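Residues per chain, in single letters:
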Amino acid sequence: MALQDARDQVDGAVTRSDPRGLNFENAFGGATSAFRRQYTKDLAGFDLAITGVPFDQAVTHRPGTRFGPRAIREASSLQVFDPPYYWDFSPLDAFAIADYGDVGFDYAKVSDFPAALKAHIAGILGQGAGCIAMGGDHYISFPILQAHAEKYGPLSLIQFDAHSDTWPDDDMSRVDHGTMFYKAVKTGIIDPTTSVQVGIRTVNPDTLGVTTIDARAVHEAAPGEVARRIKAIVGDRPTYVTFDIDALDPAFAPGTGTPVWGGLSSGQAAAILRDLAGINMIGGDVVEVSPPYDTTGATAIAGAHVVMELMCLWGFTRR
Ligand SMILES: [Mn+2]
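Now for a quick tour of the structure. (Residues numbered from 1 in each chain as written. Predicted model: local features only at pLDDT ≥ 70, side-chain atom pairs only at ≥ 80, totals over all residues. Heavy atoms only, no water.)

Describing the coordination of the manganese ion
- Every protein donor of the manganese ion is accounted for by His138 (ND1), Asp161 (OD), Asp165 (OD) and Asp244 (OD), and the metal-donor separations fall at 2.1 to 2.2 Å.
- The motif formed by the donor residues of the manganese ion, counted along the single chain, is H-x22-D-x3-D-x78-D. One end of the pair, aspartate 165, is in the loop between strand E5 (156-160) and helix H7 (180-186); the other, aspartate 244, is in strand E8 (residues 239-244), and 79 residues separate them in sequence. (Donors = N, O, S within 2.8 Å, 3.2 Å for Na, K, Ca; no water. Helix = DSSP H or I, 4+ residues; strand = E, 2+ residues; numbered from the N terminus.)

What to know about empty space enclosed by the protein
- Applying the stated criterion across every chain, the model contains one cavity of 30 Å³ or more.
- Computed from the structure, the largest cavity encloses a volume of approximately 30 Å³.
- Lining the largest cavity are Leu157, Gln159, Thr166, Phe181, Val185, Gln197 and Val210.
- Put simply, the parts of the chain that give the lining of the largest cavity at least two residues each are E5 and H7.
- Classifying every residue of the lining of the largest cavity gives four nonpolar, three polar and no charged. (1 Å grid on protein atoms, 1.4 Å probe; cavity = no way out; pocket = protein on both sides within 12 Å on 5 of 7 lines; lining within 4 Å. Points joined across faces, edges and corners; volume = space filled by probe spheres on them. Nonpolar A, V, L, I, M, F, W, Y, C, P; charged D, E, K, R; others polar.)

Details of the nonpolar core
- In this structure, Phe160, Ile230 and Met311 are the most contacted members of the largest nonpolar core, which totals 54 residues.
- Per-element tally for this core: the top contributor is helix H11 (residues 298-316), with eleven residues.
- Leave out the neighbours within four places in its chain, and phenylalanine 160 touches Val198, Ile230, Val241, Thr242, Phe243, Asp244, Ala247, Leu264, Ile272, Leu273 and Leu276.
- Counting residues in hydrophobic clusters, the runner-up holds 39 residues, among them Ile124, Leu157, Ile190 and Tyr240. (Core = buried A, V, L, I, M, F, W, Y, C linked by side-chain atoms within 4.5 Å. Buried < 20%, exposed > 50% of the residue type's maximum accessible area, 1.4 Å probe, protein only. Contact = heavy atoms within 4.5 Å.)

A closer look at the pattern of salt bridges
- Enumeration over the complete set of coordinates arrives at eleven salt bridges.
- For aspartate 102, the salt bridge is made with arginine 73, and the minimal N-O distance between the two is 3.0 Å. In this pair, aspartate 102 is assigned in strand E3 (residues 97-102) and arginine 73 in helix H3 (residues 68-76), connecting sequence segments 29 residues apart.
- What makes aspartate 102 partly exposed here is its relative accessible area of 30%.
- Aspartate 169 is paired through a salt bridge with lysine 183; the nearest N and O atoms lie 3.2 Å apart. With aspartate 169 in the loop between E5 and H7 and lysine 183 in helix H7, this pair connects stretches of sequence that are 14 residues apart. (Salt bridge = Lys/Arg side-chain N within 4 Å of Asp/Glu carboxyl O.)

Regarding the sheet that holds strand E9 (residues 281-287)
- The nine strands are arranged E1-E3-E2-E4-E9-E8-E5-E6-E7 in an open sheet whose pairing can be described as parallel. Where the open sheet ends on each side, the last strands, each with one partner, are strand E1 (38-39) and strand E7 (211-214).
- Across four bridges, the pairing between strand E4 (residues 130-135) and E9 is parallel. Looking at E9, one finds that isoleucine 132 is bridged to glycine 284.
- Contacts from H11 reach strand E2 (48-53), E3, E4, E8 and E9, with the element oriented near 180 degrees to E9. (Pairing = 2+ DSSP bridges. Axes fitted to C-alpha atoms, helices over the stretch in contact; angles between N-to-C directions.)

Observations regarding the side chain of aspartate 161
- Take aspartate 161: it is sitting in the loop between E5 and H7.
- This buried residue, aspartate 161, is left without a salt bridge; arginine 201 holds the nearest opposite charge, at 7.0 Å.
- Ignoring sequence-local partners within four residues, the contact set of aspartate 161 consists of His138, Val198, Gly199, Ile200, Asp244, Asp246 and Ala247. (Lys, Arg positive; Asp, Glu negative; His and termini not counted.)

As structure tokens, this is what we get:
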């Protein structure tokens, strides 16, 4: 690409005519859609939609993830010049990918939020596109999983996380980022026997039957071996991948609400995600990126890398 062409290319989020392809506009300027993809709610002709869920009212400790989608979009502008390393294709070239914008909701009507998010995701899936979501706190995975399960049936879950998020929900009504996978198991949208949590390093004696590969187990095995164990658990079943950025050690992702030491390095996560290629991934999310605690921007950059890896995993079997 000639420098002059690059100078001509600006605001690809609204001006690009081809939904496929890399993007060479200045990383520091222009409208910051996710990966410089076209902003649209009309998914005719699109394969995959990236959407933001700026919701952080379900946290137990520090808020701030409502600013996550915006920060990940900005960080993603660094990842559109080249194909992703380790992969033999670029999802940005191989697929028509849209930035579907954010879910709309009334911040002061928290009880209305779950239904609003589920309908938002169903609106994407109903147009025949896949969906990758950017949080937001981890509660958002529950309405998103509900929408996917209505289309695909009970799902296998791969959850990267410091916390199990399977704490009991007394009347199943909590909007809580620590109980949503309890509800997902109890309501049958997740099959615990074919699901796995990776990077866990907080106590929860009842895993509800979900396999745990805790942080120490990750550290004591090669990334490729961890990926093989995960793939053996989910097999070829329809699988949803949720990546809580606090799966990474606070040294790599300090900008999150409930950090715990002893976590995965970004290098371990990158290698594990790459070696999951071939799973039947039907959707995914990255959650808990909290820009107010992300003083260097490293957490948002990690979040954008995870979204890229999720796009690769989604696209690997669909090329
Ligand atoms: Mn979590």
